[in-house]
Protein chains: 2
Amino acid sequence: MTNTTMKDVAEKAGVSTATVSRVINRADNVNPELRKKVMRVIEELDYKPNQLARSLKSSETNTIAFISSDMSNPFFIRIAKKVEEAVRKNNYTIVIGSTEDKPEIELEYLKLLYEKRVDGIVISSTGENEDYLKDLSKKIPVICVDRRPQKNNLNSVCVDKEKATYEAVNFLTERKHQKIALVTGAKKIITNYDRYVGYTKGIYDNNVALNSDYIKFGQFSFEFGKNSLLELLALKEKPTAVIAGNSFIAAGILLVAREKNINIPDDLSLISFGNISNSQLITPSLTYIDEKVDEIGEKASNLLLSNLNNKKSEIKHIKIKTKINKGNSAAVLE
Amino acid sequence: MTNTTMKDVAEKAGVSTATVSRVINRADNVNPELRKKVMRVIEELDYKPNQLARSLKSSETNTIAFISSDMSNPFFIRIAKKVEEAVRKNNYTIVIGSTEDKPEIELEYLKLLYEKRVDGIVISSTGENEDYLKDLSKKIPVICVDRRPQKNNLNSVCVDKEKATYEAVNFLTERKHQKIALVTGAKKIITNYDRYVGYTKGIYDNNVALNSDYIKFGQFSFEFGKNSLLELLALKEKPTAVIAGNSFIAAGILLVAREKNINIPDDLSLISFGNISNSQLITPSLTYIDEKVDEIGEKASNLLLSNLNNKKSEIKHIKIKTKINKGNSAAVLE
DNA sequence: CTGTTAGCGCTTTCAT
DNA sequence: ATGAAAGCGCTAACAG
């Protein structure tokens, strides 16, 4: 049960493998007669070219990789889906990897993928393998999505989280809030640093007192959202508004609020990065920062494809503009 | 900027490529001195073996594929995630593809993946390329998940949708329901046939009148759930209960019910295949058929891995047992 | 227009 | 224990 090779086809058709190769690759310089004959034999033998061999010659695998912390996170999967669609049209195949935000796993993946000679990488990185990524980017296109590169100059398509958070703070202060909390993911993730900076700038510019109890770094999870709100509610000076770093956290906050009979938005205002799933069925509707996920995916695909075709493209940094989508979870403070 | 090859290493270390290869592959029969030397050169040159070349020799790519209709569907992505985790530990990489349930796209993917010589395939198939899949399965392991193979004998890990639907009907008739609707995905998808059969058997065995208006085939989508309920509500004899083929459909039904002031479960009972996202935040909590998604993923991974190691494994059909998880969306009819 | 040949980077007999 | 050489399946000069 061994695979049919080009040689088999060549022999049966009474031609050389070069001719078969020409037929396969639609080279024009081959006799119509022969071509037909070869085609027929290919049919008969159900011959399928071995892309491995092709790739070895061309050093192109027509494969790209998408690495994120967790491919089951709707945020990442939506980006990945866009990338998949775009590259599929260009005959690429996409391999995915989840790192659980562990730098070791990320590095392992990167090495493996490089050894497998993927043609390009789209990554939302832990940020701890940036030097390696930079090296990689000398060989193949590397596109950072969502999480911007820190030290190194790498292609990126990211939301300006700093600005978005800053605007969220403004949005809340305009509505008379002074006690504003920020609940977000791990401190070491660059986007959380950006949120932090945007937050503190907003606090400063609005002449609000900075209260470190209101800033919570943890995980982008439902559980962390729940626990954080519990902690915030235990403070003497409870916040009147919370900015949630992602929709999982927002969901946790919504749940605890409901359990504790805290009315949102009357007792507590909430703004989230991104909307939650099944939001149509959940009250209140969230006031959220629209991160334009599909746009991230599209821009990233375009950047990737142009880099794939064009070895010498310049490095680009694309910033996606966010927009606050008004729901009913943030109100004017009485 | 060409890649360092084994030859470079060999030359710099003053040995043959054979020796380098032996060092890389931890062959024992190599002089410790030489080994050290080679290792050092590998470090210095930052040499990375080209897996493409390796694969060409070994005809193993250490890559498996996961094909489903839509990788952004939480149901499939959860299975895929499990598979990813399992195979990663065995040094496999996973490529994914979404077919949108279009047989052409599916076939295109299958051909491409075969040409790329993936080592195995996990697929939730449209069902229309089964002969091709059967052929494929002679070369590499093929595992069908969720959607069982129809004509051909292929490995499978599936939920018994027929039985699950039958039990859902029983569950409802026990609660005095006689007018039970079934709203599910496309007719041509085998799982919907199974649901249909389970439904009709349940209707028959419970001596309930079969009403074809109560059976709706369409898409596994929110929209279809909404539209279906609207249609059902327009009937003279409105159903008192609905079985939703998946959670997207259930969500659509919940929304329309809410908009139309239909109380679930008082005015209408609802049972769904699978729970909806953020269910903790949604009232009523669903009574749903737990499809044991993680178990599907685990069993599929195990089956795949054992087939990967063991070329001559027998074909297996694994049935996952479902369980009705009681929430508050299905009540006794007054 | 077609075939011969070398070679992509690696592994693996087979000698030595 | 090590190296020479063949070959995995394909492509691309280069001849003819």
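Residues numbered from 1 in each chain as written. Chains lettered and ligands numbered in written order. Predicted model: local features only at pLDDT ≥ 70, side-chain atom pairs only at ≥ 80, totals over all residues. Heavy atoms only, no water.

(A) Representation of the relation of the copies chain A and chain B in the model. Rotating chain A by 180° and moving it 0.1 Å along the rotation axis overlays it on chain B with an RMSD of 0.1 Å. The superposition operator between the copies reduces to a two-fold rotation axis. Distance from the rotation axis, computed per C-alpha, reaches its smallest value in chain A at Val95 of chain A: 2.0 Å. Residue by residue, 100% of the interface of chain A is reproduced at the interface of chain B, so both copies engage with the same surface. (Least-squares fit on C-alpha atoms with pLDDT ≥ 70 in both. Contact = heavy atoms within 4.5 Å.)

(B) The arrangement of the pattern of salt bridges in detail. For the structure on display, the rule yields 46 salt bridges over all chains. Between Glu128 of chain A and Lys188 of chain A there is a salt bridge whose closest N-O contact spans 3.4 Å. Note that Glu128 of chain A is positioned in the loop between strand 3 (120–123) and helix 7 (130–136) and Lys188 of chain A in the loop between strand 6 (180–184) and helix 9 (190–205), a separation of 60 residues in sequence. Since its relative accessible area comes to 45%, Glu128 of chain A is described here as partly exposed. Here Glu291 of chain A and Lys161 of chain A are joined by a salt bridge, their closest N and O atoms 2.5 Å apart. Highlighted residues: Glu291 of chain A in the loop between strand 10 (287–290) and helix 12 (293–309) and Lys161 of chain A in helix 8 (residues 161–174), separated in sequence by 130 residues. For Glu291 of chain A, a relative accessible area of 6% corresponds to the buried category. Through salt bridges that share partners, Asp70 and Glu100 of chain A together with Lys81 and Glu85 of chain B make up one connected network. (Salt bridge = Lys/Arg side-chain N within 4 Å of Asp/Glu carboxyl O. Helix = DSSP H or I, 4+ residues; strand = E, 2+ residues; numbered from the N terminus. Buried < 20%, exposed > 50% of the residue type's maximum accessible area, 1.4 Å probe, protein only.)

(C) Representation of the pairing of strand 8 (residues 241–244) of chain B in the model. All names here are of chain B. By the alternation rule, side chains of strand 8 split into Ala241 and Ile243 and Val242 and Ala244, which are all buried. As defined by bridge partners, strand 6 (residues 180–184) adjoins strand 8 across four bridges and the pair is classed as parallel. Within the sheet, the bridge partner assigned to Val183 lies in strand 8 and is Ala244. Note: strand 8 against strand 9 (residues 269–273), four bridges, orientation parallel. Bridge pairing links Ala241 to Ser269 in strand 9. The parallel pair strand 8 and strand 9 is bridged by helix 11 (residues 247–259), and the resulting crossover is right-handed. (Pairing = 2+ DSSP bridges. Right-handed = clockwise from strand over helix to strand, strands pointing away.)

(D) Quick look at the environment of Asn192 of chain A. All names here are of chain A. By secondary structure assignment, the location of Asn192 is in helix 9. Judged by relative accessible area, Asn192 falls into the buried class, the value being 0%. Separated by 25 residues in sequence, Asn192 and Phe217 place their C-alpha atoms 7.9 Å apart.

(E) Spatial organisation of the protein's contact with DNA strand C. What surrounds DNA strand C is a group of 25 residues, the closest being Arg22 and Asn31 of chain A together with Met6, Tyr47 and Arg54 of chain B. In the interface set of DNA strand C, defined as its atoms within 4 Å of the protein, sugar plus phosphate atoms amount to 62%. Here Ser21 of chain B contributes a side-chain N or O atom positioned 2.9 Å from a phosphate oxygen of DNA strand C. Contact distances for DNA strand C include 3.3 Å between a base oxygen and a side-chain N or O atom of Lys57 of chain B. Going through the elements one at a time, helix 2 (17–24) and helix 4 (51–58) of chain A together with helix 2 (17–24) and helix 4 (51–58) of chain B are the ones with two or more residues in the surface near DNA strand C. (Near = heavy atom within 4 Å. Polar contact = N/O pair within 3.5 Å; in protein donor to acceptor, adjacent residues only side chain to side chain.)

(F) Structural view of the interface of chain A and chain B. Tallying the contact residues gives 56 residues for chain A and 56 residues for chain B. Carbon and sulfur atoms make up 58% of the area that chain A and chain B hide from each other, which totals about 5200 Å². There are six salt bridges connecting chain A and chain B. Among the ionic pairs, Arg88 of chain B bridges to Glu108 of chain A, the shortest N-O distance being 3.1 Å. Counting across the chain A and chain B interface gives 28 residue pairs in polar contact (both at pLDDT 80 or more). When contributions to the side of chain A that touches chain B are tallied by element, the ones reaching two or more residues are helix 4, helix 5 (74–88), strand 2 (93–98), helix 6 (103–115) and helix 11 (247–259) of chain A. A breakdown of the residues in the side of chain A that touches chain B according to their chemical character gives 24 nonpolar, 17 polar and 15 charged. With three bridges joining them, strand 2 of chain A and strand 2 (residues 93–98) of chain B adopt antiparallel strand pairing. What sits directly across from Val95 of chain A, in strand 2 of chain B, is Val95 of chain B. (Buried area = accessible area lost by both parts, 1.4 Å probe. Nonpolar A, V, L, I, M, F, W, Y, C, P; charged D, E, K, R; others polar.)

(G) Broad picture of the packing of helix 10 (residues 222–233) of chain B against helix 11 of chain B. Residues and elements named next belong to chain B. Viewed as axis vectors pointing N to C, helix 10 and helix 11 meet at an angle of 50°, and their least axial separation amounts to 6 Å. Put simply, helix 10 runs oblique to helix 11. Crossing angle aside, the handedness with which helix 10 passes helix 11 is right-handed. Here Phe222, Phe224, Gly225, Lys226, Leu229, Leu230 and Leu233 of helix 10 come into contact with helix 11, specifically with Phe248, Ile249, Ala251, Gly252, Ile253, Leu255, Val256 and Ala257. In terms of residue class, the contact of helix 10 with helix 11 is built from twelve nonpolar, two polar and one charged. (Axes fitted to C-alpha atoms, helices over the stretch in contact; angles between N-to-C directions. Parallel < 35°, antiparallel > 145°, perpendicular 65-115°, else oblique. Left-handed = near helix turned anticlockwise from the far one by under 90°.)

(H) Up close: the protein's contact with DNA strand D. By nearness alone, 24 residues border DNA strand D, and Met6 and Tyr47 of chain A together with Thr19, Arg22 and Asn31 of chain B come closest of all. In the interface set of DNA strand D, defined as its atoms within 4 Å of the protein, sugar plus phosphate atoms amount to 65%. Separating a phosphate oxygen of DNA strand D from a side-chain N or O atom of Tyr47 of chain A is a distance of 2.3 Å. Side-chain polar atom of Arg54 of chain A to a phosphate oxygen of DNA strand D: 2.6 Å apart, as the coordinates give it. Secondary-structure elements contributing two or more residues to the surface near DNA strand D are helix 2 and helix 4 of chain A together with helix 2 and helix 4 of chain B. When the residues that make up the surface near DNA strand D are grouped by side-chain class, the tally is ten nonpolar, nine polar and five charged.

(I) Looking closely at the nonpolar core. Membership of the largest hydrophobic core comes to 88 residues, with the highest contact counts inside it found for Leu270 of chain A together with Leu270 of chain B. Sequence-distant contacts of Leu270 of chain B, defined by excluding residues within four places in its chain, comprise Val242, Ala244, Ala250, Ile253, Leu254, Ile264, Leu286, Thr287, Ser329 and Ala330 of chain B. One finds Ile79 of chain A together with Ala80, Ile94 and Ile143 of chain B within the second-largest nonpolar core, a separate group that totals 55 residues. (Core = buried A, V, L, I, M, F, W, Y, C linked by side-chain atoms within 4.5 Å.)

(J) Fine view of the environment of Arg35 of chain B. Residue and element names in this part refer to chain B. Within the secondary structure, Arg35 is located in helix 3 (residues 32–45). A relative accessible area of 23% places Arg35 in the partly exposed class. On a C-alpha basis, the gap between Arg35 and Gly97 in space is 42 Å, while along the polypeptide they are 62 residues apart.

(K) Here's a closer look at the packing of aromatic side chains. Evaluation of the coordinates by the stated rule reveals four aromatic pairs over all chains. Taking 5.3 Å as the distance between ring centres and 75° as the angle between the ring planes, the aromatic pair formed by Phe75 of chain A and Phe76 of chain A counts as edge-to-face. Phe76 of chain A sits in the buried class, given a relative accessible area of 4%. Stacked on the ring of Phe171 of chain B, the Lys or Arg Arg175 of chain B has its end atom at 3.5 Å from the ring centre. The ring of Phe273 of chain B is capped by Arg195 of chain B, whose NZ or CZ atom sits 4.4 Å from the centre of that ring. (Phe/Tyr/Trp six-rings, centres within 6.5 Å; stacked < 30°, edge-to-face > 60°. Lys NZ or Arg CZ within 6 Å of the ring centre and 35° of its normal.)

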